[in-house]
Amino acid sequence: MTPLARLLAERIRETGPITVADYMAECLLHPVHGYYTTRDPFGTKGDFTTAPEISQMFGELLGLALAQAWLDRGAPSRFTLAELGPGRGTLMADILRATRGVPGFHAAAQLVLVEASPVLRKVQSATLSGHAPAWTDRIESLPDAPLFLIANEFLDALPIRQFLHGPQGWQERLIGVRDAALTFGLSDPLLQVPDTPAFRNAADGTLVEDNLAARLAVAEVSTRIARHGGVGYWIDYGGWRSQGDTLQALRQHAPDDPLAHPGQADLTAHVDFEPLAALAQAFAYDSQGAVLTRLGIEARAERLAQNLTGAALESHRAAHRRLTHPEEMGSLFKVLAVTSAGAPPPPGFA
Ligand code: SAH
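The structure contained in this document is the topic of the report that follows.

Procedures and definitions
Residues numbered from 1 in each chain as written. Predicted model: local features only at pLDDT ≥ 70, side-chain atom pairs only at ≥ 80, totals over all residues. Heavy atoms only, no water. Buried < 20%, exposed > 50% of the residue type's maximum accessible area, 1.4 Å probe, protein only. Helix = DSSP H or I, 4+ residues; strand = E, 2+ residues; numbered from the N terminus. Pairing = 2+ DSSP bridges. Axes fitted to C-alpha atoms, helices over the stretch in contact; angles between N-to-C directions. Near = heavy atom within 4 Å. Polar contact = N/O pair within 3.5 Å; in protein donor to acceptor, adjacent residues only side chain to side chain. Areas by Shrake-Rupley, 256 points an atom, 1.4 Å probe, with all protein chains shown as cover. Nonpolar A, V, L, I, M, F, W, Y, C, P; charged D, E, K, R; others polar. Parallel < 35°, antiparallel > 145°, perpendicular 65-115°, else oblique. Left-handed = near helix turned anticlockwise from the far one by under 90°. Contact = heavy atoms within 4.5 Å.

1. Some words on the pairing of strand β7 (residues 169-178)
Counting buried positions along β7 yields seven of 10 residues, so the element is predominantly enclosed. Bridge analysis of strand β1 (residues 18-19) against β7 gives two bridges, and the strand direction is antiparallel. Within β7, the residue paired with threonine 19 across the bridge is leucine 174. The pairing of strand β6 (residues 161-166) with β7 spans four bridges and is antiparallel. Counted as the bridge partner of leucine 164 is glutamine 171 from β7. The hairpin formed by β6 and β7 contains two residues between the paired strands. Direction of pairing for β7 relative to strand β8 (residues 181-186): antiparallel, over a ladder of six bridges. When the bridges of β8 are listed, arginine 173 appears paired with leucine 186. Hairpin connection between β7 and β8: a loop of two residues separates the two successive antiparallel strands, and aspartate 179 in this loop has a positive phi of roughly 45 degrees.

This is the structure in structure tokens:
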């Protein structure tokens, strides 16, 4: 058992089974034993990798999309450039480098990073030295100003609850202890479940996931954009409406049993975009491959290839393919762009 598994088992023996959301929150952000609070998990030596760590093109193109959206909205003279869950800071570094040449963009931007992990804040500070970002724990404390925001693989790390519809009605999937090990079980039948299309349309025997934390995050950003203007790009793996158990653990680049190594494996769930899109005044939605293609990844890839040879060129071509190909991240990953009613469409969409 990991140290966190022992703590959770103790808590469960004292106060009863916990929800999957409680479990995820403890595993990822426990102050002493949490996965993100204690480590930098990215890269080949870590547990997983993300689009900005695969290629600089990802951040460059999304940075130019944000700058174009800023220009399309009249280039407000003060705005918040925000990122949620910036990881190593690589995406923001690429955004800032790509937008250096956009007149007035950097001067008008106030850079704010929403990051819960003290370890990753340190890494971000080193990556972004020279840019003086401000950090906060909460989206609610972003400045009241036009908001240009990006969040890559942030929503998939937010805690989900799981519900099963069976002969007794709805029951919640809980985590208890049996034979000194953490194990899944079910709550007593529930009187009430969240009122979303996934619950309303569920057939018997289906497991439905509810990501309240993701809905709160997207609602807060959408409200700010409706009030002050701006655009928010949410990029994550998932679909419009997914079904079934999507809770997954990743450890050293291999799938792991989600209950096996609490605090030592990454835990994520697929993002359901339908209930999130419904929270925006206006939105656009498409696959990552389609959006990067419209933002000009082909031309950018060719331009970068001109300076490369041998293994570096091979790895650049592989990274391009990985970001855009339907069999890699191109169609599994989606982009939801939220904006305000009547505003120009966000760059990158048809
Ligand atoms: N966007 C980065 C990292 C994605 S991993 C990339 O693409 O490489 C998830 C990030 O979200 C990490 O930085 C993690 O510490 C942060 N995070 C997870 N849950 C959070 C929460 N509730 N509040 C703030 N940050 C959180």
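2. Structural notes on the sheet that holds strand β13 (residues 266-268)
If you walk across this open sheet you meet the three strands as β12-β11-β13, and the pairing is antiparallel. Both edges of this open sheet fall to β12 (254-256) and β13, since each of them pairs with a single strand only. This sheet shows a mean twist of 40 degrees between the axes of neighbouring strands, independent of strand direction. Sheet analysis places strand β11 (residues 248-251) next to β13, joined by three bridges and oriented antiparallel. Bridged to leucine 250 within β13 is aspartate 266.

3. Description of the site of the ligand
Residues in close proximity to the ligand total 17 residues, the closest being Thr50, Gly85, Gly87, Glu115 and Asn152. A distance of 2.7 Å separates a nitrogen atom of the ligand from a polar atom in the backbone of glycine 85. Within the backbone of glycine 87, an N or O atom sits 3.1 Å from an oxygen atom of the ligand. In the complex, the protein chains occlude 93% of the 570 Å² of accessible area that the ligand would expose alone. In terms of residue class, the shell around the ligand is built from nine nonpolar, five polar and three charged.

4. Here's the deal with unusual backbone geometry
Peptide bonds are, in most cases, trans, and in most cases residues other than glycine have a negative phi. One non-glycine residue with positive phi stands out, namely alanine 75, at about 50 degrees. Tracing the sequence through the fold places alanine 75 in the loop between α5 (56-72) and β2 (79-84). One non-glycine residue, histidine 253, adopts positive backbone phi at about 65 degrees. You can see histidine 253 is positioned in the loop between β11 and β12.

5. Overview of the packing of α5 against helix α6 (residues 90-98)
It is the contact of α5 with α6, at a shortest axis distance of 7 Å, that shows an interaxial angle of 55 degrees. With respect to α6, the element α5 is oriented oblique. For the pair α5 and α6, the crossing hand works out as right-handed. Across the interface between the two elements, Gln56, Phe58, Gly59, Glu60, Gly63, Leu64 and Leu66 from α5 touch Leu91, Asp94, Ile95, Arg97 and Ala98 from α6. Across the contact of α5 with α6, the residue classes break down as six nonpolar, three polar and three charged.

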